[in-house]
Amino acid sequence: QVKWKGKDLFDLVCRTLGLRETWFFGLQYTIKDTVAWLKMDKKVLDHDVPTEEPKTFHFLAKFYPENAEEELVQEITQHLFFLQVKKQILDEKIFCPPEASVLLASYAVQAKYGDYDPNVHKRGFLAQEELLPKRVINLYQMTPEMWEERITAWYAEHRGRARDEAEMEYLKIAQDLEMYGVNYFAIRNKKGTELLLGVDALGLHIYDPDNRLTPKISFPWNEIRNISYSDKEFTIKPLDKKIDVFKFNSSKLRVNKLILQLCIGNHDLFMRRRKADSLEVQQMKAQAREEKARKQMERQRLAREKQMREEAERTRDELERRLMQLKEEATMANEALMRSEETADLLAEKAQITEEEAKLLAQKAAEAEQEMQRIKATAIRTEEEKRLMEQKVLEAEMLALKMAEESERRAKEADQLKQDLQEARESERRAKQKLLEITSKSSYTQSVNSSTTALPTDLPSFNLISESLSFDFKDTDMKRLSMEIEKEKVEYMEKSKHLQEQLNELKTEIEALKLKERETALDILHNENSSRGNSKHNTIKKVS
């Protein structure tokens, strides 16, 4: 509305977002290539806002926390900071080394996609995602597939982290970057030397224009007595009167106003952090703790249900596999039984034929013997007849001997076939017995399988009804939760050490693919600081 002040518009945005930690944010606009923030007590249309329609304001974080995990209470606050810091890193407004960029990208993927699943998150699923600064991509001879492989390797290790946890891990790493939360302004000292002024949650810092990572000198907020400006000249008076007053000039009066706004806001928050929390903040933190505990318990419950379902499904699959195995064994036993029966029938038929042949041969042998006896009894009148008769007798004796041998062989073969028949019938009896055993096992397995398969349907439902979301927090629950949080802190320290080792491994691994000629000035400065063991916080302590 035309009469609205800055606060009216700002409050409307905060209410729409459900945001209560409003002191970190503001509405930003641009006028004549200079950034400005909407004043809360001034009418919106009285600001030097551009005349074109529609008038555009950006809802952004104006002030940054010293420690994101301790200060950012609401989940929406954490999410807004995550989105803004991620965009600043991708737009290269915050310098981020390559190995840290890969790690931050893996947490961004966890926040967006949830737990890694190789069946869902297949090769190329990050092809359309903007996850790394272009400077990092151009610095190495690596394909998008190679970057995705390294991001995915770390993404897989973040299993079990919810979206808010992954975003907080992102902020905890990003807040240690040298350019995180720093607003830079071009200034000149009394000698006319061009410098940069950096304003952040810790204090004021003076930089060389070519080195935004390492300040030449720092003024922590608790060591500054007064800050003022007159026209374009800005004055910083240290608390220690022995230290000289620092004066500098900016290019525009509007810039001095902006610097003073940021100084006042950051100093107020700096002092506020060192006092007891207000009732509003205490209430918000208590609600956040309860909500975190509720979510933790809900996640544990869902994890238990998931585990029970997985175990039931594994048991069901095992029983089904065993049932199929028993069915196959039963089929094979049936086939073996049928083959045994066929073999027994064949052997019985062959034995019968052999026995009949043996009887027939025995009968022929008896007839031959009778013929021989008849021939011997017959009187032979002439010598020629006698010789012929002797020859016939000899032939008859040879034939009778052969018949006797053949009869004996056939008798033995009949005995052997009877023995084979007896063995075949014994094999048939054993096969029938085994088939009965398998059939009894199959019926038992089917009954167990039916009862086990029904198990998942009896488990608690995944539906989040209102009754399942109410919890009674007792003292013992809170004590246990406190112990779990303390345990998580210890585990986090161990993970941090492991994380640093992984970062160093990745840095060493991709170092061979680096194109040295594409290194920017900030890359070189960061490498020098790392080799000296300098970090953001110990550098500020040295130059304060």
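Residues numbered from 1 in each chain as written. Predicted model: local features only at pLDDT ≥ 70, side-chain atom pairs only at ≥ 80, totals over all residues. Heavy atoms only, no water.

With an unreviewed UniProt entry as reference, the protein is termed MERL protein, source organism Pardalotus punctatus. Its UniProt record gives the protein a comment under Subcellular location (unreviewed entry), which states: "Cell membrane". (UniProt positions renumbered as here; feature names shortened; annotations may be inferred.)

Engineer: Whenever I open this one, the sheet that holds strand S3 (residues 58-61) confuses me. Can you help?
Structural biologist: Adjacent strands of a sheet pair through backbone hydrogen bonds, lying either parallel or antiparallel. With antiparallel pairing, the three strands of this open sheet are ordered in space as S2-S1-S3. Only two strands of the sheet have a single neighbouring strand rather than two, namely strand S2 (34-37) and S3. Recorded for the sheet is a direction-independent mean angle of 45 degrees between the axes of neighbouring strands. Strand direction decides the pairing type here: strand S1 (residues 25-31) and S3, joined by four bridges, are antiparallel. Within S3, the position partnered with Phe25 by the bridge is Ala61. Its contacts with the sheet place helix H3 (residues 75-90) against S1 and S3, and it is angled at close to 100 degrees to S3. (Pairing = 2+ DSSP bridges. Helix = DSSP H or I, 4+ residues; strand = E, 2+ residues; numbered from the N terminus. Axes fitted to C-alpha atoms, helices over the stretch in contact; angles between N-to-C directions. Contact = heavy atoms within 4.5 Å.)

Engineer: Would you take a moment to explain H3 for this structure?
Structural biologist: Along an α-helix, a turn takes 3.6 residues, which lines up residues three or four apart on a common side. Its 16 residues place the ends of H3 22 Å apart at the C-alpha level, agreeing with the 22 Å of an ideal helix rising 1.5 Å per residue. In this structure, the buried side of H3 is in contact with helix H1 (6-17), S1, S3, helix H4 (98-113) and helix H7 (163-174). Directly beyond the C-terminal end of H3, a positive phi value near 65 degrees is found at Glu92. (Expected span 1.5 Å × (residues − 1).)

Engineer: Any chance you could explain the environment of Ile31 here in plain terms?
Structural biologist: On the secondary structure map, Ile31 appears in strand S1. For Ile31, a relative accessible area of 13% corresponds to the buried category. Considered as a pair, Ile31 and Pro50 are 19 residues apart in the sequence and their alpha carbons are 6.5 Å apart. Beyond its immediate sequence surroundings of up to four residues, Ile31 is in contact with Ala36, Asp48 and Arg254. (Buried < 20%, exposed > 50% of the residue type's maximum accessible area, 1.4 Å probe, protein only.)

Engineer: I keep staring at the pairing of S1 and nothing clicks. Help me out?
Structural biologist: Looking along a regular strand, one sees side chains alternate from face to face of the sheet. Within S1, six of the seven residues are buried, leaving the element largely enclosed by the surrounding structure. Judged from the four bridges that link them, S1 and S2 form a sheet pairing that is antiparallel. Bridging across to S2, Tyr29 finds its partner in Ala36. In sequence, S1 turns back onto S2 through a hairpin of two residues, with Lys32 there showing a positive phi of about 55 degrees.

Engineer: In this structure, what is going on with the pattern of salt bridges? I would like to understand it.
Structural biologist: Close approach of charged atoms lets side chains of opposite charge pair. Applying the stated rule across the entire model yields 26 salt bridges. Between Asp48 and Arg254 there is a salt bridge, and its shortest N-O distance comes to 3.7 Å. One end of the pair, Asp48, is in the loop between S2 and S3; the other, Arg254, is in helix H8 (residues 253-273), and 206 residues separate them in sequence. In this structure, Arg188 engages Glu194 in a salt bridge whose closest nitrogen and oxygen atoms are separated by 3.1 Å. Each of Glu66, Glu71, Arg273 and Arg274 takes part in a single network of salt bridges with overlapping partners. (Salt bridge = Lys/Arg side-chain N within 4 Å of Asp/Glu carboxyl O.)

Engineer: Before we go on, may I ask you to explain the UniProt feature "binding site: a 1,2-diacyl-sn-glycero-3-phospho-(1D-myo-inositol)" (unreviewed entry) in the protein in this structure?
Structural biologist: In the numbering adopted here, UniProt assigns the feature "binding site: a 1,2-diacyl-sn-glycero-3-phospho-(1D-myo-inositol)" (unreviewed entry) to Lys39, Met40, Asp41, Lys42 and Lys257. Within the element layout of this structure, Asp41 appears in the loop between S2 and S3. Of the residues examined, Asp41 reaches a relative accessible area of 61% and is grouped as exposed. Tracing the chain through its elements places Lys42 in the loop between S2 and S3. A residue is classified by how much of its surface remains accessible, and Lys42, at 32% relative accessible area, is partly exposed. Sequence-distant contacts of Lys42, that is, excluding residues within four places in its chain, are made with Lys5, Gly6 and His47.

Engineer: Got a minute to help me understand the packing of aromatic side chains in this structure?
Structural biologist: Each pair of aromatic rings is reported with the distance of its centres and the angle of its planes. What the rule picks out here adds up to 18 aromatic pairs. On the numbers, 5.3 Å between centres and 10 degrees between planes, the contact of Phe25 with Phe59 is stacked. Linking Phe25 in strand S1 with Phe59 in strand S3, this pair joins segments that are 34 residues apart in sequence. Ring geometry for Phe25 and Phe81: centres 5.5 Å apart, planes at 55 degrees, overall tilted. (Phe/Tyr/Trp six-rings, centres within 6.5 Å; stacked < 30°, edge-to-face > 60°.)

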